[in-house]
Amino acid sequence: MKRTMGRSVETELPQARYSYGGDEYVFVELAEAMSLKVNFRAMAITNRLREEGIPGVTDICPSNASYMIRIDPYELHPDDLISRLKAIDEEVGDVRGFELETRVVDVPVMMEDPWTHETLMRFRDRHQDPNATDLEYSARVNGFGSKEDFIEALLGSPWLVTMIGFVPGLPWCYQLVPPEEQIEVPKYVRPRTYTPERAFGFGGGFAVVYSVEGAGGYQLFGRSPLPVLDVTQRLKDFQESIVFPKPGDIWNYRRIDREEFDRLEAEVEEGTFEYKKKEFVFHPDRSLEDPHAYNEEILGVLYGN
Amino acid sequence: MGIRVRQPGLLTTVQDTGRFGEYAIGMPPSGAMDVFSYQVGNYLVGNEDGAAGLEMTYLGPELEFTEDAVIAITGAEMPPKINGEVAPAWEVIAVESGDVLSFDYLGSGARSYLAVAGGIDVPIFMHSRSTYTLIGLGGLEGRALQEADELEVGEGGDRSDRVGKAVDEDHVPAYSKETELRVIIGLASYRLTEESMEEFLSTTWTVTPDADRVGYRYKGGELKFVEREQPAGAGADPANVVDFGYPIGSIQVPGGVEPIVLMNDAVTGGGYATIGTVISADRDRLAQTKTNDKTRFRSVDLDEALKAREERRQQMVQIQQALS
């Protein structure tokens, strides 16, 4: 079994690892390295499994480069599930021709907002570079000449929601750009004990919006005025689920100023806010072939140009 | 109305079997940590499977009944008292309106369970009454009980004929300060060096003060990860992986020190390498360990884990039949 993948572009499908998570889970690591392709595979396999409605499956949890299934082993023996999963994996193959019925969503963020700024300054002693902000540091380690160039790269292309978790509603987002353009930043040296809710953060290769206040180790870049979790289900977008993000969503983080931040926050407060979003059938093949051209099309669908 | 909280104890929450099927949105199952004790409590008072009870951690609450009730206390050795008089555990007892249930200091174990005929009636949230305090849902207002709270008890009908029924002594677990937990090695265990995996399985670990419904943290050794160039998306630390899902019972070792076993209110995923999973049959006993207790992990295969699961189920069936 190949041990290291490095950061090179994948040229072949890596060998998946099938493993028991105790007697109640099957855990499948499709690859050690993150890539859009591997996430598409995780989604294709778990979607297929969901459609099959196999008795004994209690949870289907797609993740970034892996997925996890919880089962009742009385109804479904883990080995029987693994056999089925291997067969589905073969059918799905390299996801050629796979279509994803999803939606494109506009997610406004205020970069360098006062709340995350106050937080990151408070935890400077836990950071790689106590003399820079998280954004300045991340721009530098990714080889950007300026903070603004870095922000442009971050907010210039849309993202795929590749996993929900850690805590309810927190989306992991991976940018729809070629591997050589992927931004990667270390997590804090020691995690913070506090992060404001709705903070826009980045760690490893993933952008997130913190759904609730709490501990965290991702670099802090900004804040969204909008919730991703609403336990009270007051807002229209939360009527069916307390959690807004869905795996496979395509999110476009859009930079906003303080004025728009305050206005949107007030709409949330009044209960009138609704996310701007459009139905979309996503073709991974096209994204892998020419991501930038496809992204233009995706944004055109969202913003109607 | 049914129960008035005079003192809440250290951490008393409403729990049932848990909120399953919501992992994909990042929702852990919650639910009773020691399923055996919780479930046997329901058998004693004649409740349906899944009726909600109270989970009482380390230091018990003081509860006043505002109507007659039929109850049972199971789990950790935390001797119950009715109006100051010692009452039996693992046995059905009758209380009258005005009676006060309190608990003596904790002996062995960590968590006791109160089952009430009819069940604790709080609103069902996403098909469960279990409390998940992190985001404040389920249970009573999504939080641990507080002084002056009032809990409703569900309609159970007259169960006074059950009073005096008790669990056979052979089935009452003894909780020791030294526990062996069976583990299926796997998940991202390839990240640990062979020597470190051996060390993990041969070390006697000590439960740290960081031991709660989210997870149990242990100290006692240091483990090393296989050197590699970190793969894309994983982050710089060798303990880091591309963020993935964490099973309940899974063991992770952030930074190579202090393994953590994730429990019912755990984070559902993250970027630390997991090395194995404590089997379901042994998580009841894990939930009865506490700070400074000793724990060893023993590697078993799936067959042994499934056999242990079946034995535990058989035992519960036997107990239920003996009590019906």
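Residues numbered from 1 in each chain as written. Chains lettered and ligands numbered in written order. Predicted model: local features only at pLDDT ≥ 70, side-chain atom pairs only at ≥ 80, totals over all residues. Heavy atoms only, no water.

1. Points about the domain arrangement of chain A
Residues and elements named next belong to chain A.
Then step 1. Partitioning chain A into domains gives domain 1 (17-96) and domain 2 (101-303).
Then step 2. When each unit is reduced to the centre of its C-alpha atoms, the spacing between domain 1 and domain 2 is 27 Å.
Then step 3. Each partner contributes residues to the interface: domain 1 has 12 residues there, and domain 2 has 16 residues.
Then step 4. Here domain 1 and domain 2 share an interface that buries about 1200 Å² over both sides, 72% of which is from carbon and sulfur atoms.
Then step 5. The largest share of the area that domain 1 buries against domain 2 comes from Leu36, Phe40 and Asn64, three residues that together contribute 45% of it.
Then step 6. Put simply, domain 1 and domain 2 have two residue pairs in polar contact (both at pLDDT 80 or more) between them.
Then step 7. Of all the elements, helix α1 (residues 36-52) adds the most residues to the side of domain 1 that touches domain 2, at five residues. (Domains from an automatic or database assignment. Contact = heavy atoms within 4.5 Å. Buried area = accessible area lost by both parts, 1.4 Å probe. Polar contact = N/O pair within 3.5 Å; in protein donor to acceptor, adjacent residues only side chain to side chain. Helix = DSSP H or I, 4+ residues; strand = E, 2+ residues; numbered from the N terminus.)

2. Quick word on the nonpolar core
Then step 1. Trp251 and Tyr253 of chain A together with Phe297 of chain B are the most contacted members of the largest nonpolar core, which has 141 residues in total.
Then step 2. Broken down by element, the residue count for this core peaks at eight residues, all from α1 of chain A.
Then step 3. What Trp251 of chain A contacts, discounting residues up to four positions off in sequence, is Val105, Val107, Pro158, Trp159, Val161, Pro171, Cys173, Val209, Val228, Phe244 and Pro245 of chain A. (Core = buried A, V, L, I, M, F, W, Y, C linked by side-chain atoms within 4.5 Å. Buried < 20%, exposed > 50% of the residue type's maximum accessible area, 1.4 Å probe, protein only.)

3. Examining helix α2 (residues 78-92) of chain A
Then step 1. Taking 1.5 Å as the rise per residue, α2 of chain A with 15 residues should run 21 Å; its terminal C-alpha atoms sit 21 Å apart, in good agreement.
Then step 2. Residues of α2 of chain A that are buried: Pro78, Leu81, Ile82, Leu85, Ile88, Asp89 and Val92 of chain A. Considered in projection along α2 of chain A, the buried side chains sweep an arc of 125° and stay on one side of the axis.
Then step 3. The inward-facing, buried residues of α2 of chain A abut β1 (17-21), β2 (25-29), α1 and β4 (66-71) of chain A together with α4 (302-323) of chain B.
Then step 4. A positive backbone phi angle near 55° is found at Gly93 of chain A, which sits one or two residues after α2 of chain A. (Expected span 1.5 Å × (residues − 1). Arc of directions from axis to C-beta.)

4. Quick notes on the packing of aromatic side chains
Residue and element names in this part refer to chain A.
Then step 1. The full count for this structure, using the stated rule, is 24 aromatic pairs over all chains.
Then step 2. Note on Tyr174 and Phe206: the rings are 5.4 Å apart at their centroids and 45° apart in plane angle, and the pair reads as tilted. Of this pair, Tyr174 sits in strand β7 (residues 171-175) while Phe206 sits in strand β9 (residues 206-209), placing them 32 residues apart in sequence.
Then step 3. Of the residues examined, Phe206 reaches a relative accessible area of 0% and is grouped as buried. (Phe/Tyr/Trp six-rings, centres within 6.5 Å; stacked < 30°, edge-to-face > 60°.)

5. Focus: the interface of chain B and chain A
Then step 1. With 53 residues of chain B at the contact, the number on the chain A side is 54 residues.
Then step 2. Both faces considered, chain B and chain A share a buried interface measuring about 4400 Å² in area, 62% of it formed by carbon and sulfur atoms.
Then step 3. If you look at where chain B meets chain A, you find five salt bridges.
Then step 4. For Asp23 of chain A, the salt bridge identified is with Arg309 of chain B, shortest N-O distance 3.1 Å. (Salt bridge = Lys/Arg side-chain N within 4 Å of Asp/Glu carboxyl O.)

6. Describing the pairing of strand β3 (residues 57-62) of chain A
As a general feature of sheets, a regular strand has side chains that alternate between the two faces.
All names here are of chain A.
Then step 1. Bridge count between β3 and β4: five bridges; the pairing is antiparallel. From the neighbouring strand, Ile60 faces β4, where its bridge partner is Ile69.
Then step 2. Counted along the chain from β3 to the antiparallel partner β4, the turn is three residues long. (Pairing = 2+ DSSP bridges.)

7. Some words on helix α4 (residues 134-141) of chain A
Residue and element names in this part refer to chain A.
Then step 1. Buried within α4 we find Asp134, Leu135, Tyr137, Ser138 and Ala139.
Then step 2. Those residues of α4 hidden inside the fold are in contact with β5 (100-111), α3 (114-122), α5 (147-156) and β10 (219-223).
Then step 3. Once α4 ends, the next one or two residues include Gly143, with phi positive near 80°.

8. Section: unusual backbone geometry
Residue and element names in this part refer to chain B.
Then step 1. Backbone geometry at His127 places phi at a positive 50°, although glycine is not the residue there.
Then step 2. One non-glycine residue, Ala148, adopts positive backbone phi at about 80°.
Then step 3. With respect to the secondary-structure elements, Ala148 resides in the loop between β10 (111-116) and β11 (150-151).

9. Side note on the state of the cysteines
Residue and element names in this part refer to chain A.
Then step 1. Evaluated as defined, the whole model comprises zero disulfides over all chains.
Then step 2. You can see Cys61 has no disulfide; the closest cysteine sulfur is in Cys173, sitting 15 Å from it.
Then step 3. Cys173 gets classed as buried once you look at its relative accessible area, which sits at 0%. (Disulfide = S-S within 2.5 Å.)

10. Structural notes on a negative patch on the surface
Residues and elements named next belong to chain B.
Then step 1. Judged by side-chain charge, Glu67, Asp68, Glu96, Glu152 and Glu155 come together as a negatively charged surface patch.
Then step 2. One can find Glu155 in the loop between β11 and β12 (178-185).
Then step 3. Looking at Glu155, the relative accessible area reads 80%, which means it is exposed. (Patch = residues over 30% accessible without salt bridge, like charges linked within 9 Å, V, L, I, M, F, W, Y side chains within 5 Å. Areas by Shrake-Rupley, 256 points an atom, 1.4 Å probe, with all protein chains shown as cover. Lys, Arg positive; Asp, Glu negative; His and termini not counted. Charge placed at Lys NZ, Arg CZ, Asp CG, Glu CD.)

11. Some points on the environment of Thr208 of chain B
All names here are of chain B.
Then step 1. One can find Thr208 in strand β13 (residues 205-211).
Then step 2. Judged by its relative accessible area of 5%, Thr208 falls in the buried class.
Then step 3. Discounting chain neighbours no more than four positions away, the residues touching Thr208 are Arg217, Tyr218, Lys219 and Thr291.

12. A word on the sheet that holds strand β8 (residues 92-95) of chain B
All names here are of chain B.
Then step 1. Taken together, the five strands give an open sheet; going across it, the order is β2-β3-β10-β5-β8, and neighbouring strands pair in antiparallel fashion. At either margin of the open sheet sits one strand with a lone partner, and together these are β2 (11-15) and β8. Taken pair by pair, the neighbouring strands of this sheet meet at an average axis angle of 25°, ignoring direction.
Then step 2. As paired strands, strand β5 (residues 69-75) and β8 are joined by four bridges and run antiparallel to one another. The residue of β8 that forms the bridge with Ala69 is Val95.
Then step 3. Each of β2, β3 (53-57), β5, β8 and β10 touches helix α1 (residues 35-45); the most contacted strand, β5, lies at about 150° to it. (Axes fitted to C-alpha atoms, helices over the stretch in contact; angles between N-to-C directions.)

13. Some words on the domain arrangement of chain B
Residues and elements named next belong to chain B.
Then step 1. When its domains are assigned, chain B resolves into domain 1 (3-174) and domain 2 (178-312).
Then step 2. With 28 residues of domain 1 in contact, the opposing surface of domain 2 contributes 20 residues.
Then step 3. When domain 1 packs against domain 2, the two sides together hide about 1700 Å² of surface, and 47% of this comes from carbon and sulfur.
Then step 4. On inspection of domain 1 and its partner domain 2, the count reaches one salt bridge.
Then step 5. A salt bridge links Arg213 to Glu55; its shortest N-O distance comes to 2.8 Å.
Then step 6. The tally of links from domain 1 across to domain 2 stands at 17 residue pairs in polar contact (both at pLDDT 80 or more).
Then step 7. Listing elements by their share of the side of domain 1 that touches domain 2, those giving two or more residues are β2, α1 and β10.
Then step 8. Broken down by element, the residue count for the side of domain 1 that touches domain 2 peaks at three residues, all from α1.

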